[in-house]
Amino acid sequence: MIKKSAKLKKQNIYYKCDLIFIFFLFILLIPAESSFGDPQEQTGRTSNIEIEAIKKRVQLSEAELVWLKNNQEVITRVGNWPPFMMTDNGVSGIAIDYLDIISKAYGIKFKYITQKDISWSDALKDIKERKGVDMVPAIQPTADRKKNMNFTVPYQTLPWVIVTRSDADFVGGLADLDAKRVCVQERFILQKQIEKNYPSFNLKIIKTPTPTLDSLKEVATGESYATINALPVVACFIRHYGLSNLKIAAPAKFNDLELTMGIRSDWPELASIISKTVQAMSHKDVAAIQNTWLSVQYEQGFNPNKVKRWALLGTALFALIIILFTIMNRTLKRQVAQRTRDLEAELEERKRIQKSLKDSEERYDMALRAVSDGLWDWDLKTNKTYFNPRYFEMLGYDSYELPHTYETWSRLVHPEDRGRAEKLLRDYVKNFSENDRENLFSLEFRMRTKDGKWKWILSRGKVAVTAKDGSPIRLIGTHVDITEQKKTAQIMVQTEKMMSVGGLAAGMAHEINNPLAGILGAVQNIKNRIYTDIEKNTSAAKECGTDLEHIREYFAHRGITSMLESIQTAGVRASTIVQNMLQFSRKSNKNVEFHNLAVLLDKTVELAASDYSLKNDYDFRKVIIKREYEPEISKVCCLGNEIQQVFLNILKNGAEAMAEKNYTSISPMFVFRVKNGDREIIVEIEDNGPGMDDKVRKRVFDPFYTTKDVGKGTGLGLSVSYFIITDQHNGVMEVESTLGMNTRFIIRLPVADSCETTGES
């Protein structure tokens with residue numbers, strides 16, 4: 001109580017000063033005139049630019065004219081990044097002025113959507129997938145982005161600068177930010193460069209709808225020491241939002257930011273049209289746009305309106321001071337009672353904070369569920385471990401079905417991965433020091449699900465609590481299911497491998513064909529000249545003092561006849577292999593048509609039944625066929641014969657594999673599934689044969705890889721099938737298998753609105 005009374009007395013002494021300070025603060029907060037162009041006051045800012053003169057300097061190609069005829073609306077995502085894009089008072093900025101000129105010149109309608117409609121990352125995803133968003137007007141090209149996007153020529157080059165508080169220590173360059181907290185917005189172009197070249201920075205990623213503004217506020221409030229952004233953008237934000245305690249400390253020596261417009265990859269014509277128009281603009285035209293947004297306007301000389309304004313403010317200030325001193329005594333009497341109420345309010349605030357913390361924990365758990373992350377917390381001293389519900393749910397278990405112990409995790413990890421994972425954890429804890437507080441460990445391993453399958457997990461964590469001596473005593477981290485990402489990566493690796501092998505196969509096939517043709521031709525000529533009774537053969541034998549019968553007896557006695565047969569058989573087999581190899585490197589010259597994949601699959605079964613039952617020691621017709629077709633399957637634009645060849649190769653391999661398995665209570669069986677997907681048709685062909693292990697499954701599409709005996713297969717059937725699906729039809733082909741149980745091939749083919757022909761015209 002004594003401390004509280006002393007505090008109240010001191011507050012009473014300062015109260016007069018508080019009132020005066022509040023008054024002057026009120027005066028200072030009167031809005032100042034903005035020196036940055038107001039979009040509403042700049043109507044027609046491009047009206048003085050001669051559009052027709054620019055059009056005359058642009059020569060559009062035939063493809064660009066066709067594109068303009070077919071595309072009159074472009075959905076454009078605009079963010080709040082002044083002076084290039086602004087959305088506060090309508091859509092405006094430098095980039096928008098350029099688009100306004102394009103619109104007037106060619107009649108293109110740019111439909112603008114903002115960050116309130118879609119985030120930056122989702123907009124880039126839409127452009128990549130060619131849906132929703134067609135372009136963004138301000139972006140820097142990168143190697144990764146060029147894979148999924150077209151870019152115009154740069155229309156603005158910007159230097160990078162470092163921004164700190166005005167009272168911060170001297171910063172001469174990036175090296176002075178070592179070990180300091182630097183904030184940068186998420187997915188910003190500099191994020192990867194900073195993480196790679198300056199790992200010692202204490203980097204904080206801003207993930208908000210207004211990341212540039214919030215980055216500057218982070219520095220202004222002292223939460224971060226510095227941020228990095230483009231010079232005009234920083235100047236605009238500091239001026240527009242009154243961030244007067246910030247300064248541009250030094251240049252950031254990264255490559256200058258080259259602003260372009262990013263456009264969906266299937267519209268190169270639009271990118272070319274914009275580029276040609278920008279390049280055709282004169283220096284006067286460009287200056288007209290840039291001076292509007294980048295120039296700071298100053299008023300000089302006598303301004304009667306401002307004199308009147310400050311005279312009125314001075315009068316109001318004098319009157320207000322008199323009123324303040326008049327009411328000050330009355331206010332002081334009420335101050336003690338007010339402070340008492342403040343203490344009561346403080347107690348209520350503490351209760352509110354406690355409830356807020358509880359709500360925050362609940363929201364955090366809900367957020368983890370939303371992103372499908374599992375959370376774990378390991379006490380190294382007590383060995384107690386906590387796993388949140390999602391941790392076990394992603395593996396198919398209930399929240400408390402398994403004990404919350406370290407041993408539970410260890411038992412669920414795949415035996416082949418356990419040693420590596422445990423060693424990484426031990427090394428991380430052993431080598432940890434206080435200087436590594438922000439360093440994360442990351443590892444990938446497989447974990448067993450409740451149904452006995454394996455899922456790939458990405459585990460990341462860090463030391464959360466240390467002892468007084470700096471040793472770690474508590475680890476916290478997350479688990480993320482990356483099984484699908486692993487599958488996708490395997491498909492990409494397989495596709496790249498097959499593409500490279502395809503080129504090699506083409507060259508080899510052409511080189512082998514010529515000598516192979518000579519060998520087969522020579523063998524055929526030898527057989528014709530020895531075993532064909534024609535006059536020329538008979539006369540030649542007599543001239544040599546013998547006859548054909550003796551020559552034939554000699555060939556048979558020395559085994560030359562069988563040698564010739566072996567040469568011809570081997571040559572024919574090699575010729576077949578060469579023809580299969582050529583499938584890797586050339587498209588079919590046949591026309592594509594719409595086909596129902598369920599019908600093609602049924603026709604292929606009829607072919608398989610008639611073809612293979614006579615050639616092998618099993619009867620294909622005795623294999624049970626189970627069909628699980630969805631009712632109204634969409635047709636696919638494809639080469640019907642090629643797809644049937646793929647089905648036939650899969651059925652042949654499956655039938656031969658099932659023939660080698662001993663069945664007791666069940667019979668050999670194929671299960672066919674054809675179903676509609678998301679703009680795709682999915683075909684599954686599953687057999688209950690012997691299956692395959694992971695080692696075989698990973699190589700099943702490799703050229704010349706076979707598990708059959710020598711002479712029973714070329715190892716090219718599934719390789720050719722893979723190329724027919726992925727290269728010729730832009731589809732996906734995968735295989736799943738459980739050793740001893742089954743094998744399932746999965747084929748995904750895209751559904752198209754129209755069917756264009758391929759091949760020679």
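Quick caveat, the model's predicted, so the values are computed rather than measured.

1. What to know about the overall build of the chain
- Along the chain, the regular secondary structure elements total 23 helices and 23 strands.
- The proportion of buried residues among the 761 residues of the chain is 39%.
- By sequence separation, contacts in the chain at least 24 residues apart represent 70% of the contacts at least 6 residues apart.
- Carbon and sulfur atoms make up 54% of the accessible area of the chain, which totals about 44,400 Å².

2. Section: the state of the cysteines
- Tallied over the entire structure, the rule returns 1 disulfide.
- Covalently, C637 is tied to C755 through a disulfide, its sulfur atoms 1.9 Å apart. Between C637 and C755 the sulfur-sulfur dihedral comes to about 85°; the bridge is accordingly right-handed. Remark: C755 occurs in the segment after β23 (742–750) and C637 occurs in strand β19 (residues 636–638); sequence separation between them is 118 residues.
- We classify C755 as partly exposed; its relative accessible area is 25%.
- Its sulfur unpaired, C638 is 7.0 Å from the next cysteine sulfur, which belongs to C637.

3. Section: the packing of helix α4 (residues 94–106) against helix α10 (residues 268–280)
- Where α4 meets α10, the closest approach of the two axes is 11 Å, and the angle between their N-to-C directions is 105°. Comparing their axes, α10 and α4 come out roughly perpendicular. Residue-level contacts link Y98, L99, I101, I102 and Y106 of α4 to I273, I274, T277 and V278 of α10.
- For the contact of α4 with α10, a count of residues per class yields 8 nonpolar, 1 polar and no charged.

4. A look at the pairing of strand β20 (residues 669–676)
- In this sheet, β20 lies alongside strand β18 (residues 624–629) in parallel orientation, the contact comprising 6 bridges. Note on β20: the bridge partner recorded for Y629 is V674.
- Inspection of the sheet shows β20 paired to strand β21 (residues 680–687) by 7 bridges, in the antiparallel sense. Note on β21: the bridge partner recorded for F670 is D687.

5. Brief notes about the sheet that holds strand β9 (residues 226–230)
- Taken in spatial order, the 5 strands line up as β8-β7-β9-β6-β10 in an open sheet, and their pairing is mixed. Among the strands making up the open sheet, the edge pair consists of β8 (202–206) and β10 (246–251). Neighbour-to-neighbour, the strand axes of this sheet turn through a mean angle of 35°, independent of strand direction.
- Bridge count between strand β6 (residues 160–165) and β10: 5 bridges; the pairing is antiparallel. Considered in β10, the bridge of T164 is made with K247.

6. Some remarks on the pattern of salt bridges
- For the structure on display, the rule yields 33 salt bridges.
- Between E628 and K626 there is a salt bridge; the shortest N-O distance is 3.6 Å.
- Looking at K626, the relative accessible area reads 41%, which means it is partly exposed.
- Of the charged contacts, one joins R748 and E680 as a salt bridge, the two residues approaching to 3.3 Å between their closest N and O atoms.

7. Some words on the confidence of the model for the chain
- In this model, the chain carries an average pLDDT of 79, and 79% of its residues clear a pLDDT of 70 or more.
- Highest mean pLDDT in the chain belongs to β21 (95); lowest belongs to helix α1 (residues 2–28) (42).
- In the model, residues 1–44 has pLDDT below 50 throughout and makes 41 contacts with residues more than four positions away in sequence or in other chains.
- Predicted confidence is poor over residues 296–303, with pLDDT under 50, and the contacts of this stretch with residues over four places away or in other chains come to 7 contacts.

8. Here's the deal with the pairing of strand β14 (residues 441–448)
- In this sheet, strand β15 (residues 454–466) lies alongside β14 in antiparallel orientation, the contact comprising 8 bridges. Counted as the bridge partner of E444 is L458 from β15.
- Between the antiparallel neighbours β14 and β15 lie 5 residues, among them G452 with a positive phi of about 90°.

9. Some thoughts on the sheet that holds β23
- Strands sit in the order β18-β20-β21-β23-β22 across an open sheet of 5 strands; the sheet is mixed. On the outer flanks of this sheet lie β18 and β22 (732–738), each paired with one strand and no other. Taking each pair of neighbouring strands and ignoring which way they run, the sheet shows an average axis angle of 15°.
- Along the sheet, helix α23 (residues 717–728) makes contact with β22 and β23, crossing β22 at roughly 135°.

10. Focus: the packing of aromatic side chains
- In this structure the tally under the stated criterion is 19 aromatic pairs.
- Centre to centre, the rings of Y554 and F555 are 6.3 Å apart; their planes meet at 65°, and the pair counts as edge-to-face.
- Here F555 falls in the buried class, since its relative accessible area comes to 15%.
- Each ring, one from F701 and one from Y722, has its centre 4.9 Å from the other, and the planes form 40°; the classification is tilted. Within this pair, whereas F701 is found in the loop between α22 (694–699) and α23, its partner Y722 is found in helix α23, the two being separated by 21 residues in sequence.

11. Examining unusual backbone geometry
- Following P82, the chain continues into P83 via a peptide bond in cis, with omega recorded as 5°.
- Within the secondary structure, P83 is located in the loop between β1 (73–78) and α4.
- Phi is positive for A179, close to 70°, though the residue is something other than glycine.
- Among the secondary structure elements, A179 is positioned in the loop between β6 and β7 (181–185).

12. Here's the deal with helix α18 (residues 548–557)
- Among all positions of α18, only L548, R552 and F555 are buried. Around the axis of α18, the buried residues are gathered within 60° of arc, so they sit on the same side. α18 presents E553 and H557 as exposed residues on the side facing more than 90 degrees away from its buried surface.
- You can read the cap of α18 off the contacts: a side-chain oxygen lies 3.2 Å from the backbone nitrogen of E549, and it is on D547.

13. Digging into the packing of helix α8 (residues 211–220) against helix α9 (residues 231–241)
- Contact pair α8 / α9: the axes reach a minimum separation of 11 Å and the direction vectors enclose 70°. Judged by the inter-axis angle, α8 sits roughly perpendicular to α9. Contacts between α8 and α9 involve T212, L213 and L216 on the former and, on the latter, V233, F237 and Y241.
- Considered class by class, the residues forming the contact of α8 with α9 number 5 nonpolar, 1 polar and no charged.

14. Describing α10
- Here α10 spans 18 Å end to end across 13 residues, near enough to the 18 Å set by a 1.5 Å rise per residue.
- Of all the residues in α10, the buried ones are L270, A271, I273, I274, S275, T277, V278 and A280.

15. Remarks on the environment of D178
- Structurally, the position occupied by D178 is in the loop between β6 and β7.
- Classification of D178 as partly exposed rests on a relative accessible area of 42%.
- Note: C-alpha distance between D178 and F201 (23 residues apart in sequence) is 5.4 Å.
- Excluding its chain neighbours within four sequence positions, the residues that come into contact with D178 are S200 and F201.
- A distance of 2.3 Å separates polar atoms of two side chains, one belonging to D178 and the other to S200.

16. Quick notes on the environment of S121
- For S121, the position within the fold is in helix α5 (residues 120–129).
- Residue S121 is classed as partly exposed on the basis of its relative accessible area of 27%.
- Here the alpha-carbon distance between S121 and E186, two residues 65 residues apart in the chain, equals 9.3 Å.
- A polar atom in the side chain of S121 sits 3.4 Å from the side chain of S119.

Conventions and cut-offs
- Residues numbered from 1 in each chain as written.
- Predicted model: local features only at pLDDT ≥ 70, side-chain atom pairs only at ≥ 80, totals over all residues.
- Heavy atoms only, no water.
- Helix = DSSP H or I, 4+ residues; strand = E, 2+ residues; numbered from the N terminus.
- Buried < 20%, exposed > 50% of the residue type's maximum accessible area, 1.4 Å probe, protein only.
- Contact = heavy atoms within 4.5 Å.
- Areas by Shrake-Rupley, 256 points an atom, 1.4 Å probe, with all protein chains shown as cover.
- Disulfide = S-S within 2.5 Å.
- Axes fitted to C-alpha atoms, helices over the stretch in contact; angles between N-to-C directions.
- Parallel < 35°, antiparallel > 145°, perpendicular 65-115°, else oblique.
- Nonpolar A, V, L, I, M, F, W, Y, C, P; charged D, E, K, R; others polar.
- Pairing = 2+ DSSP bridges.
- Salt bridge = Lys/Arg side-chain N within 4 Å of Asp/Glu carboxyl O.
- pLDDT = per-residue confidence, 0-100.
- Phe/Tyr/Trp six-rings, centres within 6.5 Å; stacked < 30°, edge-to-face > 60°.
- Arc of directions from axis to C-beta.
- Polar contact = N/O pair within 3.5 Å; in protein donor to acceptor, adjacent residues only side chain to side chain.
- Expected span 1.5 Å × (residues − 1).

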